[in-house]
Amino acid sequence: MPQGNAGAVRALGNAKLLQKLGYEIILIGKIQNPKEGQYWYEFDGFRCFDIECEKDQIDIGVKYFSRFLMEIGAKNLKAVIAYNYPGVALNKLFKITKKTDIVLISDTTEWYALEGKNPISALRRKFQTEYRMRCINKKIGNLICSTYYIANYYKKHNTVIIPMIDDTSFSGIKADLKKVEDCRIRRFIYAGTPGYKFKKDKINIIIEQFLKLKAENIPFILDVYGISLEEYKSQYAFEELLDESFQINFHGRVPRTEIQEKLRTTDFYVLYRPDNRVCRVGFSTKAMESISSAVPLIANDVNGDFAKYFTEGQALLSSVKDKQGFYKNLKMAAQMSAEEINQRKRSCVEHNPFAYESFLEPMKKFFKKAGMEE
């Protein structure tokens, strides 16, 4: 949780949404720097139970659940939401919850491909994912989905689509709108984890398009977070730009708070993803965070979901394989007036598509169908 990775952002947003619906929420997961013999902790107002209290990794953390039930009592538990749980462990949870009349819900945001440095780990992860997606999720029948693509795959089952929830929307405090001035060079940012050999986010295509801007003598500053220059050069050729009017700056991995601070002074967030199942199933956390930080998005719309949430003023979208369309939008943004950028930023602040209120009714209906009537 403290690092604020994608899983933590999603879990915290969903937990606060369920709290708004009147449920008491307990978060279960790995605790950083746990104390010997301590199982219960508190984070951001939630009670947390340490999954590492049991060390048996063969069960993928299922033994902890028996201890957890002993602690709180099965009769006091209405439902368990398992986030991208490994298939074998999810099947064990399914058997336990079925015996104890607890509703099990699978929160599904990832469908891994067969890739990774270690082939044995990659095969194990691939098997666990396929088993979860093709078999166990269908047995469970109650699914929180990140995209329309995955909801359509489970269209015969009880589903609700929750892309990402903006955690800041619960406070009612809107993003601080920092106005752009005409005199300065337009600033862009990419922040994320591009995956093994950059197969999830195509940062190389993004950089190619920025170099086209340079060829047309259009100034820009691009800050890249999550990848170091050395990591990028291990996969792609790159010559550093020495002119201050054309900057591509690699910052490597930094704390989430630093990226959020940088977002506030940026004009546009850029994202380009390949057309594959991994990207069609998942929803970009950083796309949500950019809008909630009053930063318009420039992206290719892999599964069509961006167009369902972002207005024309909040995002410049191209079709999934349209690199020329992506470049056209990038060029438009680099030459955009301060007045238009500020209008787009205001649109992000005033009409946040990821504010929790948008998901209250869909989640209520989903829970009712799952048999959790209050």
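So, here is what we can say about the structure in this document. (Residues numbered from 1 in each chain as written. Predicted model: local features only at pLDDT ≥ 70, side-chain atom pairs only at ≥ 80, totals over all residues. Heavy atoms only, no water.)

The next thing to look at is the packing of aromatic side chains. The tally for this structure, following the rule as stated, stands at 29 aromatic pairs. Between the aromatic rings of Phe188 and Phe210, the centroid separation amounts to 5.1 Å while the plane-to-plane angle is 75 degrees, which identifies the pairing as edge-to-face. You can see Phe188 sitting in strand β8 (residues 187-191) and its partner Phe210 sitting in helix α6 (residues 203-215), a full 22 residues away along the chain. Side by side, Phe188 and Phe210 carry an identical accessibility label, which is buried. Seen from their ring centres, Tyr272 and Phe326 are 5.2 Å apart, and the 85 degrees between their planes marks the pair as edge-to-face. Here the residue Tyr272 occupies a position in the loop between β11 (268-271) and α9 (277-281), and Phe326 occupies one in helix α12 (residues 323-334), the gap between them amounting to 54 residues. No difference in accessibility class separates Tyr272 from Phe326, as the two residues are buried. Clustering of aromatic rings is evident, with ring pairs tying together Tyr39, Trp40, Phe49, Tyr64, Phe65 and Phe68. Taking the ring centre of Trp40 as reference, the NZ or CZ of Arg47 above it sits at 4.4 Å. We note Lys308 situated over the ring of Tyr148; from NZ or CZ to the ring centre the distance is 4.8 Å. (Phe/Tyr/Trp six-rings, centres within 6.5 Å; stacked < 30°, edge-to-face > 60°. Helix = DSSP H or I, 4+ residues; strand = E, 2+ residues; numbered from the N terminus. Buried < 20%, exposed > 50% of the residue type's maximum accessible area, 1.4 Å probe, protein only. Lys NZ or Arg CZ within 6 Å of the ring centre and 35° of its normal.)

Okay, the sheet that holds β8 next. The strand order across the open sheet formed by six strands is β10-β9-β8-β11-β12-β13, and the pairing between neighbours is parallel. Strand pairing shows two members of the sheet lacking a second neighbour, β10 (246-252) and β13 (315-319), which therefore form its edges. Adjacent strand axes in the sheet meet at a mean angle of 25 degrees, parallel and antiparallel pairs treated alike. For β8 and strand β9 (residues 220-225), the ladder comprises five bridges, and the chain directions are parallel. (Pairing = 2+ DSSP bridges. Axes fitted to C-alpha atoms, helices over the stretch in contact; angles between N-to-C directions.)

With that settled, consider the sheet that holds strand β7 (residues 158-161). Pairing is parallel in the open sheet, where four strands are placed in the order β4-β5-β6-β7. With one partner strand each, in any of the chains shown, β4 (79-83) and β7 form the two edges of the open sheet. Ignoring strand direction, the axes of neighbouring strands in this sheet form an average angle of 20 degrees. Pairing between strand β5 (residues 103-108) and strand β6 (residues 142-145): three bridges, direction parallel. Residue pairing across strands places Ser106 opposite Leu143, the latter belonging to β6. The strands touched by helix α14 (residues 360-369) within the sheet are β5, β6 and β7, with β7 carrying the most contacts at an inclination of about 165 degrees. (Contact = heavy atoms within 4.5 Å.)

Another aspect to go through is helix α10 (residues 285-292). Counting buried positions over the eight residues of α10 gives eight, a clear majority of the element. Thr285, Lys286, Ala287, Met288, Glu289, Ser290, Ile291 and Ser292 are the residues of α10 that are buried. Among the residues trailing α10, Ala294 stands out with phi positive, at a value near 65 degrees.

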